[in-house]
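# Breakdown of the fold
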Amino acid sequence: MGLHRKYVFFVVILSALSAYTLLGGAPSGEAQGLTSSELSRLRSVGSVELSPDGRRIAYTVTMRDRPGRPYGQLWIMDVASQKSARVGGEKDSGGGPLWSPDGKWFAFQGGQGEKHGLFVARPDGSDVTFLASLSGTNSPLPDTGDEVTWSPDSKQLAFISSTPGLEAVEATGDPMVITRYLYKPDAGEGMTRFNDNQRLHIFAVDVATKQVRQLTQGNFDEHSIDWSPDGKEILFASNREPNQDEFFNYDIFALKVADNSIRRLTATEYSEYEPRWSPDGKRIVFRGTRRGLTDRETTMEDTHVWMMNADGSDRREIGAVLDNRQGAPRWAPDGSAVYFTLQERGSNHLVRLAISGGKPEYVVKDTGGVGGWSVGKDGSLTYGFASRQDAAELYLKAGSGAPRKLTDFNAQFFAGKQIAEVESFTFISNDNKFEVEAFLTKPLGMTATSKHPLIVNIHGGPHGQNGPAFNFKNQVYAARGWATLNVNYRGSTGYGQKFADAVFGDQNGNEGQDVLYAVSAAVRRYLWIDRERMGIEGVSYGGQLTDWLITQTNEFKAAVPIAGIANLVSYNYMTYYNQYEEMEFGQFLHQGNLMDVAWERSALKHVAAAHTPTMLMHGENDNDVPIAEAEQFFIALKDVGTEAIFVRYPREGHGLAETKHQIDSIDRCIAWYEKHFPKSGTEGVTNVQP
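Just so you know, these numbers come straight off a predicted model, no measurement behind them. (Residues numbered from 1 in each chain as written. Predicted model: local features only at pLDDT ≥ 70, side-chain atom pairs only at ≥ 80, totals over all residues. Heavy atoms only, no water.)

### So, the overall build of the protein chain
Secondary structure summary: the protein chain contains 12 helices and 35 strands in total. At 25 Å, the protein chain has a C-alpha radius of gyration in line with the 26 Å of a compact globule built from 690 residues. Its C-alpha atoms put the protein chain at 80 × 60 × 55 Å along the principal axes. Counted over contacts in the protein chain with a minimum sequence separation of 6, partners at least 24 positions apart contribute 61%. Carbon and sulfur atoms provide 49% of the accessible area of the protein chain, an area that totals close to 25100 Å². Positive and negative charge centroids in the protein chain, built from 69 and 85 side chains respectively, lie 5 Å apart. (Helix = DSSP H or I, 4+ residues; strand = E, 2+ residues; numbered from the N terminus. Rg over C-alpha atoms; globule rule 2.2 N^0.38 Å. Contact = heavy atoms within 4.5 Å. Areas by Shrake-Rupley, 256 points an atom, 1.4 Å probe, with all protein chains shown as cover. Lys, Arg positive; Asp, Glu negative; His and termini not counted. Charge placed at Lys NZ, Arg CZ, Asp CG, Glu CD.)

### Some words on the environment of Thr-179
Tracing the backbone shows Thr-179 in the loop between helix H2 (168-171) and strand S11 (198-206). Sequence separation of Thr-179 and Asn-239 is 60 residues, and the distance between their C-alpha atoms is 19 Å. When residues no more than four places from it in sequence are discounted, the contact partners of Thr-179 are Glu-167 and Glu-170.

### What about helix H12 (residues 659-676)?
Relative to the 26 Å expected for 18 residues at 1.5 Å per residue, H12 spans 26 Å between its end C-alpha atoms, a close match to the ideal helical length. For H12, every residue scored as buried is listed here: Thr-659, His-661, Gln-662, Ile-663, Ser-665, Ile-666, Asp-667, Cys-669, Ile-670, Trp-672, Tyr-673 and His-676. (Expected span 1.5 Å × (residues − 1). Buried < 20%, exposed > 50% of the residue type's maximum accessible area, 1.4 Å probe, protein only.)

### Thoughts on the sheet that holds strand S34 (residues 614-619)
Pairing is mixed in the open sheet, where 8 strands are placed in the order S28-S29-S31-S30-S32-S33-S34-S35. Each edge of the open sheet is held by one strand with a lone partner, namely strand S28 (422-428) and strand S35 (644-649). On average, adjacent strands in this sheet sit at an angle of 20 degrees to one another, irrespective of strand direction. In this sheet, strand S29 (residues 435-441) lies alongside S28 in antiparallel orientation, the contact comprising 7 bridges. When the sheet's bridge partners are listed, Thr-426 is paired in S29 with Glu-437. H12 rests against strand S30 (452-458), strand S32 (529-539), strand S33 (558-562), S34 and S35 of the sheet, and its axis sits at about 160 degrees to S33. (Pairing = 2+ DSSP bridges. Axes fitted to C-alpha atoms, helices over the stretch in contact; angles between N-to-C directions.)

### Quick notes on the sheet that holds strand S12 (residues 212-214)
Spatial strand order, S9-S10-S11-S12: 4 strands in an open sheet with antiparallel pairing. At either end of the open sheet lies a strand with only one pairing partner, and these are strand S9 (148-150) and S12. In this sheet, adjacent strand axes meet at a mean angle of 35 degrees when their direction is disregarded. Here S9 runs beside strand S10 (residues 156-164); their pairing, made up of 3 bridges, is antiparallel. The partner of Val-148 across the bridge, within S10, is Phe-159.

### Considering the confidence of the model for the protein chain
For the protein chain, the mean per-residue pLDDT works out to 92, and 94% of the residues sit at or above 70. Every residue in residues 2-31 is under pLDDT 50, and counting partners more than four places away or in other chains gives 115 contacts. (pLDDT = per-residue confidence, 0-100.)

### Concerning the packing of helix H4 (residues 472-479) against H12
The N-to-C vectors of H4 and H12 enclose an angle of 40 degrees; their axes lie 12 Å apart at closest approach. Taken together, H4 and H12 sit at an angle that is classed as oblique. Seen from above, H4 lies across H12 with right-handed handedness. Along its contact with H4, which presents Lys-473, Val-476 and Tyr-477, the element H12 presents Ile-666, Cys-669, Ile-670 and Tyr-673. (Parallel < 35°, antiparallel > 145°, perpendicular 65-115°, else oblique. Left-handed = near helix turned anticlockwise from the far one by under 90°.)

### Observations regarding the packing of aromatic side chains
In this structure the tally under the stated criterion is 35 aromatic pairs. A centroid spacing of 4.9 Å and a plane angle of 85 degrees characterise the contact between Phe-413 and Phe-414, whose relative ring orientation is edge-to-face. For Phe-413, a relative accessible area of 2% translates into the label buried. Note on Phe-414: relative accessible area 13%, which makes it buried. With a centroid separation of 6.4 Å and an interplanar angle of 85 degrees, the aromatic rings of Phe-470 and Phe-472 are classed as edge-to-face. Note on Phe-470: relative accessible area 6%, which makes it buried. Looking at Phe-472, the relative accessible area reads 0%, which means it is buried. Clustering of aromatic rings is evident, with ring pairs tying together Trp-99, Phe-106, Phe-108, Phe-119 and Phe-130. One residue, Arg-240, lies across the ring of Phe-253, its end atom 5.1 Å from the ring centre. (Phe/Tyr/Trp six-rings, centres within 6.5 Å; stacked < 30°, edge-to-face > 60°. Lys NZ or Arg CZ within 6 Å of the ring centre and 35° of its normal.)

### Concerning the nonpolar core
Within the largest apolar cluster, 67 residues are counted, with the highest numbers of intra-cluster contacts made by Phe-425, Val-456, Leu-485 and Phe-633. Looking at this core element by element, the count peaks at 7 residues for helix H6 (residues 510-525). Here Leu-485 is in contact with Phe-425, Ala-438, Phe-439, Leu-440, Leu-454, Ile-455, Val-456, Asn-457, Ala-518, Val-519 and Ala-522, once residues within four sequence places are set aside. Counting residues in each nonpolar core, the second largest holds 30 residues, with Leu-39, Trp-482, Ala-563 and Leu-656 among its members. (Core = buried A, V, L, I, M, F, W, Y, C linked by side-chain atoms within 4.5 Å.)

In structure tokens form, the structure reads like this:
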């Protein structure tokens, strides 16, 4: 139940859901807050790229105003005037902008009119030219880096596209013949239950002639590409293990453009991600791990930034100076330093680290989350940033000056709205081993004597984090007068490796106690919390803990596990990826007594103790946490006599991608809580468990 895909979904669903259209607005006299239907109006900045001359910014805006899933629009901003122009028409889409080294073009992927694939356009967004069609794969490939890279002379583009793998024909026949261990698609795809068996390869296209040629072949996937400054080679990452489905292990390779020969730069038992050449071509920076067992869907180990010489020698972990999870690195234009994001105590900062050593510099350390970012030749920085008060907007920071906010997409969206305060607090864990942090979103409309419900919302991963950045769902709850508690229980990222490791061999153990201790601390410190009106929910690992905790306590009046695991044994053999439980427990389930341990730590075994009314939610084609997990727990709850309903969403994978499903989900959450919360003040305090 890992970080990369499940946690991404978790952030999306919490930052983009809400709800009370089914129930009407907040009572008159209460502060005006957000409603679920407004989700379709919410916009946020995604990828960001500063032009070589620093005069323009290409950036994408995530839109939710159409049926189906959110989509991206591509815009070009003139920095001097701060005026933006959309690339293409209102119905066109685009993303992943990348400027040519000479600044005369930018490339992007998307759809313009009837054509879909790889395009280039002039710096002002004009002269949009189609270059090549693109095809992808639904195969689970974690943390693939750049899909497009320019040749240094700006005459060619290398890009990633797919061709059928060896298993494709049999696996799509009638009958289907499955030979691959990894026969299911990735987490969020949601359209099918089967891997399409396409393989990603490197292609190149000449911008002038539009002639395309394929540079790599075979039954492997190549991705995360970067063209060398001398134009001779293209870096890429690939899993070349003989048992690549069973054992996840990216290494770094270089493709010689002249003859398509390949040289291997790393051969380790751990994983390397997102390699990039230094500006002089003498070094390569990448993100990597140290441990031999790293699952394709998550990693308990924090990834750090590494560097090596162009021939693969002198490999060293320069990011070790920071004991927290680090994002994909990029070079400073002069090659003297690298930039990367850093998860820290619920925020996502941007750090600059000199390759000669020394103290890391926090370039953006504001409370919130840095998303896409780009560094100019003069050191200026443009980036997307989600603050406490807003979804991601575009910012520009020049030198040591204060950052300038360049966009305000949601100004009308937030007009007349109040945004609830988010407060952090810490407490000592039940076993006295850790200081644990939680974030409490306070309700709107509080008075000196008012009492308010509390919703405990548990993040996924377990190796992920919650934080104080704008969270749409929490804000909708706040508009109803409800508080939301997010707990960064042990196993979470942003608190160092020891803390992330603390869930090892202990799923549904002390990390669950961290959640309950957070509730206990909250109700004691914030006397306005109504102990009689508390609910619990979570997505993915948060759904798993929701399932588990309602078998351990009756203190919650209602529960909403979303895409949660109820049976660690069945889950292990149905999920699309292997090694997750092996990594989390240190061995396969069939080894030693781990099968018994996994069953003992499964909510399903203890379902007789579950009496909390429960609404299970799941994507119909979830291949990460298969819907059979919810199916089992639903029937078990019914057998026990516990009130339960089961909401299944078509066309969804691990999490809800379609905007209408996101809105519907939170509408149902609020209706479920409203049904089971007693009227305020009508009962005495009976729940003293926390």
